[in-house]
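A look at the structure
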Amino acid sequence: MSLENEASRRVTLSRYPEGRLRADDFKIETGAIPEVAEGSFLVRNLVVSVDPMLRIFIDRKPLGISSMPSLPLGATIPGAAVGEVVESRHPDYQPGDIVEGRFGWQDHAVSNGQGVNRVPRGLGGVENALGIGGLPGFTAYIGLETAGGVKPGHTFLVSGAAGAVGSAVGSLIRARGGRAVGIVGGEDKRRYLLDEVGYDAVADRLSPDFHAQLAQALPNGANVYFDNVGGPLLAEMMPYVAFGGLVLICGLMSQYQDGGAGGDRDNLPSVLHAVMGKGIRIESFSQYGRDALRPAFEAEITDLLAKRSIKPLVHIVDGLERLPQAQIDLFENSTTGKVVVRVAEAGAR
């Protein structure tokens, strides 16, 4: 296949965001398809992931931490993608292979194979390799491993439960026989978690009786609070964590657009009072460096999909040029499930 006369688009960082994301924080550029050196291969992206956590990495000072390097202006926006190998000078990859990796917001990417995973059969559409079978699902899986697994009789409270990670962790808890209580904003999301994901109970934080819903769902408290939101909600949920419970920090979505401040109120004192008074542990985790667990994760997910024990929800947006708005919409509209942008079809020329 000749790519000699083709062009390749990429979305770059045109300015560091200040507060809420704007369309002009990004720029779409067109250039030549990158050349493939010995030991590397060329991927044509098929679907690109849209993730809340990306917001951290495009700030001038990510989360206010000077030791975390900022993305240079003009650089391609990073992110996970699933693509088709279209040219290879690498012994382990052949044209036609479908792979997942940090290929970025662009039509084409060159890789040496580091951090790349073959998309396993049994996931259904390739978009699932960016959702339940990809980074969100693997993050949920690692979180449950960090929590010591799903123990009989234990209850998990999950914030941001209708998002990609929240729905994945709820699906895994349900499949493993645990009890999951979710927190969402809105009746549609509440019904989705109850009817499709299989949460045992869901509290709507927009409802006037939100705390009454939580109290009813958690008569003995939550053994694990799986937090995807952070900010004031973390402090607000501490009374619902059981004595000796665990607060598992997975994400800080409420703080990604304000430099990590999480609002004007200092919520730390109430969190520390609960930690000291109830013997609560707080722990964060990451899926990075945990690749040894990926085969077991993939086996569990493909088995659950084959049995129709989980029902992944993926929103597909068409067109690379719509990536910036899709990212903005994550925060403005709080989409249910996983969001991906379809860039090309497999086998397209």
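Look up: the structure comes first, before these words.
In short, a report on the structure. (Residues numbered from 1 in each chain as written. Predicted model: local features only at pLDDT ≥ 70, side-chain atom pairs only at ≥ 80, totals over all residues. Heavy atoms only, no water.)

**A look at the overall build of the protein chain**
Our working rule: Strands here are runs of E lasting at least two residues and helices are runs of H or I lasting at least four, both read from the DSSP assignment and numbered beginning at the N terminus. With a 1.4 Å probe rolled over the protein chains alone, any residue whose accessible area is under 20% of its type maximum counts as buried; one over 50% counts as exposed, and the rest are partly exposed. Whether two residues are in contact is decided by their heavy atoms: any pair within 4.5 Å suffices. A 1.4 Å probe and the Shrake-Rupley method give the accessible areas. Residues count as covered only by the protein chains that appear here.
Across its full length, the protein chain carries nine helices and 15 strands. Principal-axis analysis of the C-alpha atoms gives the protein chain an extent of 65 × 45 × 35 Å. Per-residue burial for the protein chain yields a buried fraction of 52% across its 349 residues. Pairs at least 24 apart in sequence give 68% of the contacts found in the protein chain among residues at least 6 apart. By element, 50% of the accessible surface of the protein chain is carried by carbon and sulfur atoms, the whole surface being about 15,900 Å².

**Quick notes on the sheet that holds strand β8 (residues 155-158)**
Strand-to-strand pairing in sheets goes through backbone hydrogen bonds, with the strands running parallel or antiparallel. Condition: Pairing between strands is defined by DSSP: at least two bridges between the two strands are required. Axes here mean lines fitted to C-alpha atoms, for a helix over just the part in contact, with angles spanning 0 to 180 degrees between N-to-C directions.
Spatially, the six strands line up as an open sheet ordered β10-β9-β8-β11-β12-β13, and their pairing is parallel. Only two strands of the sheet have a single partner each, and these edge strands are β10 (201-204) and β13 (281-284). Going across the sheet, the axis of each strand differs from the next one's by a mean of 20 degrees, ignoring polarity. Sheet analysis places β8 next to strand β11 (residues 222-227), joined by three bridges and oriented parallel. Following the sheet pairing, V158 is matched in β11 by F226. Lying over the sheet, helix α5 (residues 210-217) contacts β8, β9 (179-184) and β10, oriented at roughly 160 degrees with respect to β10. Where helix α7 (residues 268-278) meets the sheet, it contacts β12 (241-249) and β13, and its direction lies at approximately 130 degrees from that of β12.

**Some remarks on the pairing of β11**
For clarity, the threshold we go by: For crossovers, right-handed means that the path from the first strand over the helix to the second runs clockwise, given strands pointing away from the viewer.
Burial analysis of β11 places five of its six residues in the buried class, the great majority of the element. Relative to β12, β11 runs parallel, the two being bridged by five bridges. Bridge pairing in β12 places D227 opposite I249. Handedness of the crossover is the feature at issue here: the chain leaves β11, passes through helix α6 (residues 231-237), returns alongside β12, and the resulting connection is right-handed.

**Re the environment of L313**
Inspection of the secondary structure assignment puts L313 in the loop between α8 (294-306) and β14 (314-318). Separated by 117 residues in the primary sequence, L313 and E196 have C-alpha atoms spaced 9.0 Å apart. Apart from the residues lying within four places of it in its own chain, the contact partners of L313 are Y192, T336, G337 and K338.

**So, helix α9 (residues 323-332)**
One turn of the α-helix equals 3.6 residues, which is why residues spaced by three or four share an orientation. Where burial is concerned, most of α9 is hidden: seven out of the ten residues are buried. What α9 keeps buried is the set L323, P324, A326, Q327, I328, L330 and F331. Next to the buried residues of α9 lie β1 (7-13), β2 (26-32), β3 (41-50), α1 (54-57) and β15 (338-342).

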